[in-house]
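Each chain, written out:
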Amino acid sequence: MKFQINELSVITDGNKEAKPILFIHGFPYDHTMWKKQINLFSSSHYCISYDVRGFGESINFDGQHTMELFVDDLEKIIEEMKLEKPVVCGLSMGGYITLRALERFQNKFSAAILCDTRSQADDNQGKLKRAAAIKRINSEGHKEFVKEFISNCFGDYFKQNFPDELNSIIEHSQNFESKGIKGGLLAMLSRTDTTSFLEKIEIPTLLVCGKNDTLTPPSVMKDMYHKIKNAEYVEIQNAGHMSPIENPDEVNSAITKFLKRIGY
Ligand code: MLT
C-alpha cells in the first residue's frame, strides 16, 4: 500500500497485524533501496518504508532541510500509523536519522539496525565537500553529481557483476529533484554528533557494515559497536557502502538472526 503522511510518500508491505520494521534509506536513494529486504521480511513482518523529505516521491518541500526535520517526519509517521515500538533500520543518512531519533525518543523503538553509517558529524573537510557539491549542483544540475556519488558507494564486486543494476539505480536517483538532493546535503552537513549518546542506547542494536565500505568503513562501525551496550556487529563480504543491495543474502541473514535473538 502507498499513501502520504505529512506529504511524505509511505509504503507498506506485509500483514498490518505483524510486528513492524521501519526502513530508512540513504543518500541519494529512496525507499526502493530496501526492496531485497522487504521482499523477504514482508512475509513475517509489517514492513514500512518511506521516501525521506526531498527524495523519491516526497517532493513537495522547499529544500531547506535539517536532520531535525527528518527526525520530526519519522516521529510523525510512527504517531500517525500508531506503530507499536517498531524495529528501525537505517542505512547511512538513514542511520543518521535513526541515531538522532534514538537520542530524542528511543523508548518508541524495540530495537535498531544500523547499516553502513556513523555517529560522528561532518568534520570541516566534510562540510566543505558538501558545500562544493551544492555549488556544483547550482551550476550544472544534480545528474553528474548523483552518478559519481552513487558509483563511489558501491564496491568493485557489485560494479563488475551487476553493471545494469547499478545503472538503473543511478538513473532512478537522477530523476529526483535538485532541491531535494541539496536539502539532503544541507541536513547532513549541519547534523549534530551522536557519538556521546551511543553508550546511552538501551535497546538491542545490530550494526551491519560492508567489508569494502570506504565511506563508513568497518573500523568506524566497530568503534560504534564497542560503545553500544547490547550490540551485535556483522561484516558483509563482497559489499561496499550499500550492503543491503550488494549482498542482500548476508544482510538478510544477519537481520533474521538478530530478530530471532531478540524474539521479534
Ligand atoms: C549515504 O549513503 O546516505 C551517504 O553516503 C551519507 C553521507 O554522505 O554522509
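Described in the following lines is the structure provided in the data block.

### Let's talk about the packing of helix α2 (residues 67-80) against helix α3 (residues 93-105)
Two elements in contact, α2 and α3, have axes whose closest approach is 9 Å; the angle formed by their N-to-C orientations is 70°. The angle between α2 and α3 places the two elements in the roughly perpendicular class. For the pair α2 and α3, the contacting residues are Met67, Glu68, Phe70, Val71, Asp72, Leu74, Glu75 and Ile78 in the first and Met93, Tyr96, Ile97, Arg100, Ala101, Arg104 and Phe105 in the second. For the contact of α2 with α3, the residue count by class is ten nonpolar, no polar and five charged.

### Considering the pattern of salt bridges
Counted according to the given criterion, the structure contains 19 salt bridges. With a shortest N-O distance of 2.7 Å, Arg53 and Asp73 are connected by a salt bridge. Here Arg53 is found in the loop between β4 (46-50) and α2, whereas its partner Asp73 is found in helix α2, with 20 residues between them in sequence. Residue classification places Asp73 among the buried positions, given a relative accessible area of 2%. Ionic pairing is found between Arg130 and Asp122, a salt bridge with its closest N-O pair at 2.7 Å. Exposure class is identical for Arg130 and Asp122. Each is buried. The structure contains a network of salt bridges with shared partners spanning Glu68, Asp72, Glu75, Glu79, Arg100, Glu103, Arg104 and Lys108.

### Structural notes on the pairing of strand β6 (residues 111-115)
If a strand is regular, its side chains alternate between the two faces of the sheet. Across the five residues that make up β6, a large majority, five, are buried. Taking every second residue as pointing to the same face, both faces of β6 are buried, with Ala111, Ile113 and Cys115 on one and Ala112 and Leu114 on the other. With five bridges connecting them, strand β5 (residues 87-91) and β6 associate as parallel partners. Along β6, the bridge assignment pairs Val88 with Ala112. By the bridge criterion, four bridges tie β6 to strand β7 (residues 205-210) in an arrangement that is parallel. Considered in β7, the bridge of Ile113 is made with Leu206.

### Observations concerning the environment of Phe258
With respect to the helices and strands, the residue Phe258 is situated in helix α11 (residues 248-261). Using a relative accessible area of 0% as the deciding quantity, one classes Phe258 as buried. With sequence-adjacent residues up to four places away left out, Phe258 is seen in contact with Ala111, Ala112, Ile113, Pro204, Thr205, Leu206 and Glu232.

Reading the values: the criteria
Throughout this document, residue positions are counted from 1 along each chain, in the order its sequence is written. Only residues with pLDDT of 70 or above have their local features reported here, since the model is predicted, and side-chain atom pairs are shown and tallied only from 80 upward, although totals for entire chains, interfaces and linings are computed over all residues. Think of the side-chain values as coming from all heavy atoms in the structure, minus any hydrogens and water. An axis is simply a line fitted to the C-alpha atoms; with a helix, the fit covers only the stretch in contact. Between two such axes, the angle follows the N-to-C directions and lies from 0 to 180 degrees. Working definition: helices are DSSP H or I runs of at least four residues, strands are E runs of at least two. Numbering for both runs from the N terminus. Every angle not falling under 35 degrees, over 145, or within 65 to 115 is termed oblique; those three ranges are roughly parallel, roughly antiparallel and roughly perpendicular. It only takes one pair of heavy atoms within 4.5 Å for two residues to be counted as in contact. Note on residue categories: nonpolar means Ala, Val, Leu, Ile, Met, Phe, Trp, Tyr, Cys or Pro, charged means Asp, Glu, Lys or Arg, and polar means any other residue, Gly included. In the sections that follow, a salt bridge refers to a side-chain nitrogen of Lys or Arg positioned within 4 Å of a carboxyl oxygen of Asp or Glu. The buried label applies to any residue whose accessible area, calculated with a 1.4 Å probe on protein chains only, is under 20% of its type's maximum; exposed applies above 50%, and partly exposed to all values in between. By the convention used here, strands pair only if DSSP detects at least 2 bridges between them.

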